[in-house]
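So the chains spell out like this:
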Amino acid sequence: MDNLIRLFMICAKLSCFSFGGGYVMIPLMLGELQNSNLYVANITNVIAIAGFSPGPVAVNAAVGLGYDVASFLGSMAAFLGMFLPNIVLVIIAALFFNKIYRYRYVQAAFSGLRPVVTGIILYAAISLSIQNRIVDLDGLSTITNGLYFSLFSHPVLEIKSLLIVIMTFSLLMYNKKNMMLVLVLGGVSGILIF
Amino acid sequence: MQAENRTFSAKSKRLVCLFWTFLKIGALGFGGGFSVVPLIEREVVDEKRWLKKEELIDVLAVSQCLPGGVAVNSAGFVGYAIGGIKGALLAMVGNVIIPCVVVLSLMFFFSLYGSMPLIQHLFYGVRPAIIGLILFAAYNMGKSSIHGIRDGLLCFGAVACVLFLHFNVIVVILSGALIGIILNQFTVK
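For clarity, every value in this text was computed on a predicted model and none was experimentally measured.

## Here's the deal with the overall build of chain A
1) Next: In terms of regular secondary structure, chain A is built from eight helices and two strands.
2) Next: N-terminal to C-terminal, the α/β element order of chain A is α-α-α-α-α-α-β-β-α-α.
3) Next: Principal axes of the C-alpha set define a box for chain A whose edges measure 55 × 45 × 35 Å.
4) Next: Among the 194 residues that make up chain A, the fraction classed as buried is 52%.
5) Next: Partitioning the intrachain contacts of chain A with sequence separation of at least 6 by distance along the chain shows that 53% fall at a separation of at least 24.

## Notes on the pairing of strand S2 (residues 154-158) of chain A
Residues and elements named next belong to chain A.
1) Next: As defined by bridge partners, strand S1 (residues 148-151) adjoins S2 across four bridges and the pair is classed as antiparallel. Counterpart to Ser 150 in the pairing with S2 is Pro 155.
2) Next: Between S1 and S2, which pair antiparallel in sequence order, lie two residues; one of them, Phe 152, sits at a positive phi of approximately 50 degrees.

## Some thoughts on the interface of chain B and chain A
1) Next: Taken together, the contact pairs 82 residues of chain B with 87 residues of chain A.
2) Next: At the level of elements, helix H1 (2-28), helix H3 (53-65), helix H4 (70-113), helix H5 (117-145), helix H6 (148-163) and helix H7 (169-188) of chain B are the ones that each hand at least two residues to the side of chain B that touches chain A.
3) Next: A class-by-class count of the residues in the side of chain B that touches chain A yields 60 nonpolar, 20 polar and two charged.

## Observations concerning the domain arrangement of chain A
1) Next: When cut into domains, chain A gives domain 1 (1-132) and domain 2 (135-194).
2) Next: Measuring from the centre of the C-alpha atoms in domain 1 of chain A to the corresponding centre in domain 2 of chain A gives 25 Å.

## Digging into the packing of helix H1 (residues 2-17) of chain A against helix H2 (residues 22-35) of chain A
Residue and element names in this part refer to chain A.
1) Next: For the pair H1 and H2, the least separation of the axes is 10 Å and the interaxial angle reads 145 degrees. The crossing of H1 and H2 is right-handed. Contacts between H1 and H2 involve Ile 10, Leu 14 and Phe 17 from the former and Met 25, Leu 28, Met 29 and Glu 32 from the latter.
2) Next: For the contact of H1 with H2, a count of residues per class yields six nonpolar, no polar and one charged.

## Section: the environment of B:Leu106
1) Next: Looking at the element boundaries, B:Leu106 is found in helix H4.
2) Next: The contacts of B:Leu106, once residues within four sequence positions are left out, are A:Ile49 and A:Ser53.

## Examining the environment of A:Ser75
1) Next: Mapped onto the elements of the fold, A:Ser75 is located in helix H4 (residues 57-95).
2) Next: Judged by the 23 C-beta atoms lying within 10 Å of it, A:Ser75 falls in the buried class.
3) Next: As a C-alpha pair, A:Ser75 and A:Asn145 span 70 residues in sequence and 33 Å in three-dimensional space.
4) Next: Setting aside its immediate chain neighbours within four residues, A:Ser75 contacts A:Val63, A:Gly66, A:Tyr67 and B:Leu104.

## Details of the confidence of the model for chain B
1) Next: Across chain B, pLDDT averages 85, with 92% of residues at or above 70.
2) Next: No element of chain B has a lower mean pLDDT than H3(B), at 77, and none a higher one than H6(B), at 92.

## Some remarks on the nonpolar core
1) Next: Judged by nonpolar contacts, the single largest core of 116 residues is most densely connected at A:Ala61, A:Ile120, A:Ile121 and B:Ile134.
2) Next: The residues that make up this core include at least three from each of domain 1 (1-132) and domain 2 (135-194) of chain A.
3) Next: The residues contacting A:Ala61, other than those within four sequence positions of it, are A:Gly22, A:Met25, A:Ile26, A:Met29, A:Val46, A:Ile47 and A:Ala50.

## Re helix H7 (residues 159-174) of chain A
Because each turn of an α-helix spans 3.6 residues, side chains separated by three or four positions end up pointing in the same direction.
1) Next: With 16 residues, H7(A) extends 22 Å from end C-alpha to end C-alpha; this agrees with the ideal 22 Å at 1.5 Å per step.
2) Next: Within H7(A), burial applies to A:Lys160, A:Ser161, A:Ile164, A:Val165, A:Thr168, A:Phe169 and A:Leu172.
3) Next: Residues of H7(A) that are buried make contact with S2 and helix H8 (179-193) of chain A together with H5 of chain B.

## Brief notes about the packing of H2(A) against H4(A)
All names here are of chain A.
1) Next: Between H2 and H4, the shortest axis-to-axis distance is 7 Å and the interhelical angle comes to 35 degrees. Only Val 57, Ala 58, Ala 61 and Leu 65 of H4 make contact with H2, whose side of the interface consists of Gly 22, Tyr 23, Met 25, Ile 26 and Met 29.
2) Next: Class assignment for the residues of the contact of H2 with H4 results in eight nonpolar, one polar and no charged.

What counts as what
Residues numbered from 1 in each chain as written. Chains lettered and ligands numbered in written order. Predicted model: local features only at pLDDT ≥ 70, side-chain atom pairs only at ≥ 80, totals over all residues. Helix = DSSP H or I, 4+ residues; strand = E, 2+ residues; numbered from the N terminus. Buried ≥ 20, exposed ≤ 12 C-beta atoms within 10 Å, placed from the backbone. Contact = placed C-beta atoms within 7 Å. Pairing = 2+ DSSP bridges. Nonpolar A, V, L, I, M, F, W, Y, C, P; charged D, E, K, R; others polar. Domains from an automatic or database assignment. Axes fitted to C-alpha atoms, helices over the stretch in contact; angles between N-to-C directions. Left-handed = near helix turned anticlockwise from the far one by under 90°. pLDDT = per-residue confidence, 0-100. Core = buried A, V, L, I, M, F, W, Y, C linked by C-beta atoms within 7 Å. Expected span 1.5 Å × (residues − 1).

Listed below in structure tokens is the structure:
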């Protein structure tokens, strides 16, 4: 029960600050989990599954995280934590729709918020690369069958994964509608080259 | 009495349609965020004609201003425009049901077969693909939100603050808003 309440509270807190949507959630979530004493076995897989499923990444990640920590009940607690504040905020905002949006200070705040959120999304990609051992900083563990670029005989960057990152990015530049296709291609290339 | 009945049934029919539409958008919306916008536009503007295109752009702008996913938030706003608070609830809940079921099934599947080498290799491929997806989202967002040196500095300043100085992400996001307001004070006067 303690875990369920903690999951709910963490997700509710994240939900209130995830400006910029799902991808901002990822570094937030990783940070919060480090500070809590919840045991999460497979956070990188949770994020992979959340990204692989349709729908909002933030809600998906919450459901996956909750399941990882405390099975079905956990996923319900995390889902409610993530979703309820979201519903309440949207309904309040909808009541004042135009007023909020056209208010000068709000516009000014967003002129600063947007570039920062872009940076946080970049950071999400970087922290996931570290978390997934694609960028290796401490040498504690490496991807099995990985092909590491080494600097001073320390493995630093995993080349096969880097190729998949580049492939995905270029395919999306070429046609941004094929989210599902690039993920499947990524998975298939994973099976083929690792 | 009969007229009242008819308007009631027309209204509830619209709510059911709303729910169904966002159920569909949720199930088909891969990638989250702005990748779902074309889908919402097709359903809400082109087919159902619930909103005009300009109205949808406003909805998206406000959705972006709130925490949470752009797709779920805009579902809430469109729902509110169609059916008030009830509509907002239906649209948002509809938007997340199928994704939740998919995530749960995949998590369950993973707990059974996750240790198989094939599945592990699949994940070795999916993880970098998701990083590519996130980089693309950052690129897209940067294209529309970074104009000039000031914005660029804010963006990379944010990266440096969390990556090297280990600042709290929430603090960095909120300072971005504060810096926006302060800079605006100087430029307007």
